[in-house]
Amino acid sequence: MKKGFTLIELLIVIIILGVLAALITGNFFTSLKKGRDAKRKADLEQIKQALEMYYEDKRTYPTFALPFGGKFCETASCLLAEKVYMQKLPDDPVPGKDYEYLTTAGADYKLFACLENNLQMLPYTSSGYTTATMTSCGSCQDSAGATVTNCVWGIASSNISP
């Protein structure tokens with residue numbers, strides 16, 4: 001009598017391994033998206049702190065475009081004698097995507113980031129808010145499963161109510 005596996009037994013084991021691999025891969029990619037979204041939220045909080053330091057010095061928020069991925073100084077040019085608020089202003093973890101900074105003549109600001117995880121709870125109301133103004137974001141769903149045009153996470157200066 002020969003010892004070994006039959007073709008049916010081998011096929012069953014291969015199918016089970018394939019199903020397990022598919023389940024694990026799906027969870028892995030979801031975890032990566034959640035991690036990048038957490039980084040985006042933390043980045044916006046760090047940028048917010050730098051903007052508040054800028055406001056303490058100047059009594060206005062920057063009216064120039066923020067150099068995401070670059071040095072954040074008193075002016076857009078970053079001359080040698082200028083005060084540096086962040087050596088490297090965080091940028092979106094996905095190449096080709098950027099955060100968005102909006103200001104009303106330096107009186108206030110809004111910072112936005114596109115989220116990847118389509119299961120985010122919308123709207124967020126404690127220290128920030130969501131909006132659907134960024135066109136570079138993909139579509140997602142709210143907590144009830146309804147389609148939302150854009151998944152956007154935003155925070156604002158303290159003088160703007162969410």
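Everything quoted here is computed from the prediction, not taken from an experiment.

K.L.:
Quick one: what's the story with the confidence of the model for the protein, residue by residue and with numbers?
P.N.:
Scored by pLDDT, the protein comes out at a mean of 77, with 77% of its residues at no less than 70. Looking at the elements of the protein, mean pLDDT is at its lowest for strand 5 (residues 128-129), recorded as 40, and at its highest for helix 1 (residues 7-58), recorded as 88. Note that pLDDT drops below 50 for residues 121-136; the model gives that stretch 38 contacts with residues more than four away or on any other chain.

K.L.:
Tell me what's going on with the environment of Phe72, and back it up with residues and numbers.
P.N.:
Mapped onto the elements of the fold, Phe72 is located in strand 1 (residues 72-73). In this structure Phe72 comes out as buried when scored by relative accessible area, which is 0%. Measuring from C-alpha to C-alpha, the distance between Phe72 and Leu51 comes to 9.4 Å, with 21 residues separating the pair along the chain. With residues near it in sequence (within four places) discarded, Phe72 still touches Ala50, Leu51, Tyr54, Pro62, Phe64, Leu66, Pro67, Cys78, Val84, Tyr85, Met86 and Leu89.

K.L.:
Residues and numbers for the packing of aromatic side chains, please.
P.N.:
All told, the structure shown has 10 aromatic pairs when counted by the stated rule. Summarising the aromatic geometry, the rings of Tyr54 and Phe64 are spaced 6.4 Å apart at their centres and angled 75° between planes, so their arrangement reads as edge-to-face. Taken together, the residues span a long stretch of sequence, with Tyr54 in helix 1 and Phe64 in the loop between helix 1 and strand 1 at a distance of 10 residues. Phe64 carries the same exposure label as Tyr54, and that label is buried. Joined through ring pairs, the aromatic side chains of Tyr54, Phe64, Phe72 and Tyr85 make up one cluster.

K.L.:
Which residues make up the side chain of Ser157, and what values go with them?
P.N.:
Residue placement: Ser157 occurs in the segment after strand 8 (152-156). The residues touching Ser157, leaving out its near neighbours within four places in the chain, are Glu52, Tyr61, Asp108 and Tyr109.

K.L.:
Kindly report on the state of the cysteines, identifying the contributing residues and their values.
P.N.:
Inspection of the entire model under this criterion finds one disulfide. Between the sulfur atoms of Cys73 and its disulfide partner Cys78 the distance amounts to 2.1 Å. The sign of the S-S torsion, about 110°, decides the handedness of the disulfide formed by Cys73 and Cys78: right-handed. Judged by its relative accessible area of 21%, Cys78 falls in the partly exposed class.

K.L.:
Now, about helix 1: what can you tell me, with residues and values included?
P.N.:
The α-helix advances 3.6 residues per turn, and as a result positions three or four apart in sequence lie on the same side. The end-to-end C-alpha separation of helix 1 is 76 Å, in line with the 76 Å expected for 52 residues at 1.5 Å each. Residues of helix 1 that are buried include every one of Asp37, Arg40, Asp43, Leu44, Ile47, Lys48, Ala50, Leu51 and Tyr54, and no others. At its buried positions, helix 1 is contacted by strand 1, strand 2 (84-86), strand 3 (100-103), strand 4 (109-114) and strand 8. A positive phi of about 60° marks Arg59, the residue just after helix 1.

Calculation notes
Residues numbered from 1 in each chain as written. Predicted model: local features only at pLDDT ≥ 70, side-chain atom pairs only at ≥ 80, totals over all residues. Heavy atoms only, no water. pLDDT = per-residue confidence, 0-100. Helix = DSSP H or I, 4+ residues; strand = E, 2+ residues; numbered from the N terminus. Contact = heavy atoms within 4.5 Å. Buried < 20%, exposed > 50% of the residue type's maximum accessible area, 1.4 Å probe, protein only. Phe/Tyr/Trp six-rings, centres within 6.5 Å; stacked < 30°, edge-to-face > 60°. Disulfide = S-S within 2.5 Å. Expected span 1.5 Å × (residues − 1).

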